[in-house]
Amino acid sequence: MANRYRDKNIFIRVTEIEKEIIKRKSIAAGYKTINSYAHNMLLNGIIIKVDLKEILKLNTEINKIGTNINQIAYKANSSNRVTPDDIINLQLLLRDVQNIQSEMIKKLTNR
């Protein structure tokens, strides 16, 4: 062990409950050991794990809205005419995109 790269120790005392919480957090963050989790936390502060499933769902919804907008644009270009209903639909679709973006921001910032 004389050739170990990390040859200094840091000891902390925790309760059984605190140890369980730390263990659960290390597993949730994807670490195999509490030591590697603690080492990273001590050096880098916080670990942020993003659940991309929610972002992918929101991205799918935005793509659907984009398809609807493209259909309206195709209609406008082929007929050289845009109806008031087309404008209202575009405004509603834009509002949907804004709502989805707001939802995404809330989820990412935990607000």
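Shown above is the structure to which this text applies.
Along each chain, residue indices are assigned from 1 in the same order as the chain's sequence is written. Only residues with pLDDT of at least 70 get local features here, since the model is predicted, and only at 80 or more are side-chain atom pairs given and counted; chain-wide, interface and lining totals rely on the full set of residues. Excluded from the side-chain calculation are hydrogens and water; included are all heavy atoms of the structure.

1. Looking at the nonpolar core
What counts is decided by this rule: Side-chain atoms within 4.5 Å link the members of a nonpolar core, which is a set of buried Ala, Val, Leu, Ile, Met, Phe, Trp, Tyr and Cys residues. With a 1.4 Å probe rolled over the protein chains alone, any residue whose accessible area is under 20% of its type maximum counts as buried; one over 50% counts as exposed, and the rest are partly exposed. Under the DSSP-based scheme used, a helix requires at least four consecutive residues in state H or I and a strand at least two consecutive residues in state E, with every element numbered from the N terminus.
Leu-58, Ile-65, Ile-72, Leu-93, Val-97 and Ile-100 together form the largest nonpolar core, which totals six residues. When residues of this core are traced back to their parent elements, those giving at least two are helix H3 (52–79) and helix H4 (84–109).

2. Describing the packing of aromatic side chains
The cut-off we apply is this: Pairing of aromatic side chains requires ring centres within 6.5 Å, counting the rings of Phe and Tyr and the six-membered ring of Trp. Pairs whose planes differ by under 30 degrees are stacked, by over 60 edge-to-face, and all others tilted.
Counted by the stated rule, this structure contains one aromatic pair. Judged by centre distance (5.8 Å) and plane angle (65°), the ring pair of Tyr-31 and Tyr-37 falls under edge-to-face. Accessibility expressed as a relative area gives 22% for Tyr-31, which makes it partly exposed. Residue Tyr-37 is classed as buried on the basis of its relative accessible area of 11%.

3. Structural notes on the pattern of salt bridges
Two side chains with opposite charge may pair up if their charged atoms get near one another. Condition: Salt bridge, as used here: a side-chain nitrogen of Lys or Arg that lies within 4 Å of a carboxyl oxygen of Asp or Glu.
Applying the stated criterion across every chain yields a total of two salt bridges. Notably, a salt bridge pairs Glu-61 with Lys-64, separated by 3.5 Å at the nearest N-O pair. On the criterion of helical spacing, the pair formed by Glu-61 and Lys-64 is a turn pair, its members being three residues apart in helix H3. A relative accessible area of 48% means that Lys-64 is categorised as partly exposed. Across the salt bridge formed by Asp-86 and Lys-75, the nearest N and O atoms sit 3.5 Å from each other. Placement of the pair is Asp-86 in helix H4 and Lys-75 in helix H3, with a sequence separation of eleven residues. Take Asp-86: its relative accessible area is 6%, and that puts it in the buried class.

Without other data, these values stay purely geometric and don't point to any function.
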